[in-house]
Amino acid sequence: MKTSRAAQGPRLPLFGAALIGVVALAAALAAGHLVAGFISANASPYLAVGNGAIDLTPVELKDFAVRTFGVYDKLVLLGGMAVVMVLAAAVAGIASRRSPVPGIVLIAAFGLLGGFAVSQRPDLSTVALLAPLASLIAGVGVFFWLHRLATARSQAVEETSGAAPSRRSVLLAGAGAVVAAGAAGAVGQLLAGTRDAESSREAIGRLVPVTPAPPIPADADFAKLGTPTFLTSNRDFYRVDTALSVPQVRVEDWSLRLHGMVRNEKRFSYDDIRNRPLIERTITMTCVSNEVGGTYVSTANFIGVDLGDLLREAEVLPGAEQIFSTSVDGWTAGSPVVAALDPGRGAMLAIGMNGEPLPVEHGFPARMVIPGLYGYVSATKWVKDLEITTWKARRAYWLDRGWGEQAPIKTQSRIDSPKGFETVPAGKVRISGVAWAQHTGVERVEVRLGARGNWQPATLSREVGINTWRMWWTEFDVPAGSHQVTVRAVDKSGYTQTDARAGTVPDGATGWHVISFTAR
Ligand SMILES: Nc1nc2c(c(=O)[nH]1)N[C@H]1C(S)=C(S)[C@@H](COP(=O)(O)O)O[C@H]1N2
Ligand SMILES: [Mo]
């Protein structure tokens, strides 16, 4: 009886049916967002589906999105998702003009997709599934309820019977659902805001070191001649990590444990670190995955405390070799204890970068930075645990994946201008770039035109310190035609950068950077 009525029963008006689908969608998203507010912003099914889409996106498409939309790539993605969802919800509503089943199936499918996306996130526990569950219940529930009201109304109109909801009450119910959804979504947003790392970070304000780094002289770079600026802005600083989603740590939830082969085990809160006399050091970081000519090298003013001081307070026991550091996301690194204890090296536990608290993606609230060592053995972000131990006792993340235990940064140089395959006017051609040999210092940079040209010394920028990069430039008289140019650095130990090509595995690439260009 019931099914046959549904099959031939009254049809909802087209627009009304579509609207029911869209209102149910709003209810679903809002309920999920509200519950996520209590757990983690990342549990919101909408964001989780978006993040899932990012992770599944092929690299080429990601590059395209970043190139085309820049920092707005994620907004474009979320906006596009919203349009698709609203259309799908409207279609679901229209497909349900007689029976609510198609709409319910579609909304349930959305809910399951959200649940799947949330379950795939490494940073969320199973409690997070409550958010998509709330979405599912709210979406299906609101859809079913509005559909029944509207159907009852249509039926009453058809049978001209008076015992049915008025047009007004159906509209009111719909409007009520929208208002409730709006309120729930907003509350969820507010709650999430109190829980994510960014708001915790914003509450900190500027970090002012008691011992600032010496000011960077104006002639420390040749940015006008094509080199990078001496300091890299936080936004442009290269980023390398295994985190699919950036770990969100609030300072009140953070502490650093220092233990293992020490006499006094320690635990530091954020304020314990922040209230120490903060120091600032200018350091050039480099990733072991940087190919010859690559861009995984950047320089910042890091603010924090001396890592060696912390170790000395804990009193490291004889025989200790390795600082085995662990990040909140489970990533680990092993650094030599001697490097941290060496006062001449300047190892840090950093909480600030270029005047600001560490950006969340660069390790907020705290990270390690040890000058002269590649990042994977020295620069643990979101660090929460330092265990003093031996090399034998503990093996860090990348060691079992083919990378070396000891990884000092290799002396390297790069040509930034002209760009490879650029066409420049014939005549005087200026070549410029950067060189680095952290903890040793760059002594000289030499450049040659052609495969057999004479090495010509380049003009170096003013030295800021041995732990930072150095810019260089030179000029050649270049006839029309295609040319190649090569750079090599000589460091302060007297070592000339080798031309022997080696890949990045296991402990950093070597070889000279060569580029080709055309003069016309
Ligand atoms: N927690 C964590 N810390 C990490 C990594 C990581 O994957 N996870 N990558 C390391 C590597 S390989 C490098 S080169 C530096 C890069 O730091 P940056 O992203 O701030 O430039 O962080 C190091 N710290
Ligand atoms: Mo790295």
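Structure's up top.
First things first, this report covers the structure right here in the doc.

Reading the values: rules and limits
Residues numbered from 1 in each chain as written. Chains lettered and ligands numbered in written order. Predicted model: local features only at pLDDT ≥ 70, side-chain atom pairs only at ≥ 80, totals over all residues. Heavy atoms only, no water. 1 Å grid on protein atoms, 1.4 Å probe; cavity = no way out; pocket = protein on both sides within 12 Å on 5 of 7 lines; lining within 4 Å. Points joined across faces, edges and corners; volume = space filled by probe spheres on them. Helix = DSSP H or I, 4+ residues; strand = E, 2+ residues; numbered from the N terminus. Nonpolar A, V, L, I, M, F, W, Y, C, P; charged D, E, K, R; others polar. Pairing = 2+ DSSP bridges. Salt bridge = Lys/Arg side-chain N within 4 Å of Asp/Glu carboxyl O. Buried < 20%, exposed > 50% of the residue type's maximum accessible area, 1.4 Å probe, protein only.

## Quick look at empty space enclosed by the protein
Okay, step 1: In this structure the tally under the stated criterion is three cavities of 30 Å³ or more.
Okay, step 2: Estimates place the volume of the largest cavity at around 150 Å³.
Okay, step 3: The wall of the largest cavity is formed by 15 residues, among which Leu29, Met85, Phe110, Gly111 and Ser135 lie closest to the centre.
Okay, step 4: Only helix H2 (14–39), helix H3 (45–56), helix H6 (101–119) and helix H7 (130–159) provide two or more residues apiece to the lining of the largest cavity.
Okay, step 5: At five residues, the largest contribution of residues to the lining of the largest cavity is made by H6.
Okay, step 6: Within the lining of the largest cavity, the residues separate by chemical class into twelve nonpolar, three polar and no charged.

## Focus on the sheet that holds strand E15 (residues 456–457)
Pairing between the strands of a sheet comes from backbone hydrogen bonds, and it takes one of two forms, parallel or antiparallel.
Okay, step 1: The strand order across the open sheet formed by five strands is E12-E19-E18-E14-E15, and the pairing between neighbours is mixed. Looking along the sheet, the strands with just one partner apiece sit at the ends: strand E12 (423–424) and E15.
Okay, step 2: Here two bridges tie strand E14 (residues 442–449) to E15, and the two strands are oriented antiparallel to one another. Residue Glu446 lies in a different strand from E15, and its bridge partner there is Pro457.

## Considerations on the pattern of salt bridges
Okay, step 1: Applying the stated criterion across every chain yields a total of 19 salt bridges.
Okay, step 2: Across the pair Asp309 and Arg312 runs a salt bridge, and its minimum N-O distance is 3.2 Å. Placement of both Asp309 and Arg312 in helix H11 (residues 307–314) is noted, with a separation of three residues, approximately one turn of the helix.
Okay, step 3: In this structure Asp309 comes out as partly exposed when scored by relative accessible area, which is 35%.
Okay, step 4: By relative accessible area, Arg312 is classed as partly exposed at 39%.
Okay, step 5: The shortest N-O distance in the salt bridge between Lys410 and Asp507 comes to 3.0 Å. Of the two residues, Lys410 is situated in the loop between strand E10 (383–389) and strand E11 (412–417) and Asp507 in the loop between strand E18 (481–491) and strand E19 (513–519); the sequence distance between them amounts to 97 residues.

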